[in-house]
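Residues per chain, in single letters:
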Amino acid sequence: GADASARAEKLRRRLSVRVAREVAGLEQIVTASMGLLSLPGDPHETLSFSHAYSRADLLLYEAKRDGRNRTK
């Protein structure tokens, strides 16, 4: 949906809080990076799973390269 990026970012931020609350004895804060891909809205425009997965994976590594703990 239109707010997928904001929802993904909200979930990413919540991850640190939840892990810290549920896992005792952590010495560092757990962080997350995400690669978020918007799929085409046109049903005639096809995108293979393999291509979508590869693109999201590239975005994930871009997020890590840009400083980690972010959504791309």
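Here the structure is a predicted model, which means the values were calculated and not measured.

1. Points about the overall build of the protein
So, point 1. What the protein contains, in helices and strands, is two helices and zero strands.
So, point 2. In terms of C-alpha radius of gyration, the protein reaches 15 Å, well past the compact-globule figure of 11 Å for 72 residues.
So, point 3. C-alpha atoms of the protein, sized along the principal axes, occupy 50 × 25 × 20 Å.
So, point 4. Counting all 72 residues of the protein, 15% fall into the buried class.
So, point 5. Sequence-distant contacts in the protein: of pairs separated by 6 or more residues, those separated by 24 or more amount to 53%.
So, point 6. The centroid of the 13 positive side-chain charges in the protein is displaced by 6 Å from the centroid of its 9 negative side-chain charges.

2. Observations concerning the packing of aromatic side chains
So, point 1. Tallied over the entire structure, the rule returns one aromatic pair.
So, point 2. Ring plane angle 35° and centroid distance 5.8 Å describe the contact between Phe49 and Tyr53, whose orientation is recorded as tilted. One end of the pair, Phe49, and the other, Tyr53, are both in helix α2 (residues 49–65), four residues apart, so they sit about a helical turn from each other.

3. Overview of the side chain of Thr71
So, point 1. Assignment of secondary structure puts Thr71 in the segment after α2.
So, point 2. Leaving out residues up to four positions away in the same chain, Thr71 has contacts with Ala8, Glu9, Arg12, Met34 and Leu36.

Each value, and the rule that gives it
Residues numbered from 1 in each chain as written. Predicted model: local features only at pLDDT ≥ 70, side-chain atom pairs only at ≥ 80, totals over all residues. Heavy atoms only, no water. Helix = DSSP H or I, 4+ residues; strand = E, 2+ residues; numbered from the N terminus. Rg over C-alpha atoms; globule rule 2.2 N^0.38 Å. Buried < 20%, exposed > 50% of the residue type's maximum accessible area, 1.4 Å probe, protein only. Contact = heavy atoms within 4.5 Å. Lys, Arg positive; Asp, Glu negative; His and termini not counted. Charge placed at Lys NZ, Arg CZ, Asp CG, Glu CD. Phe/Tyr/Trp six-rings, centres within 6.5 Å; stacked < 30°, edge-to-face > 60°.

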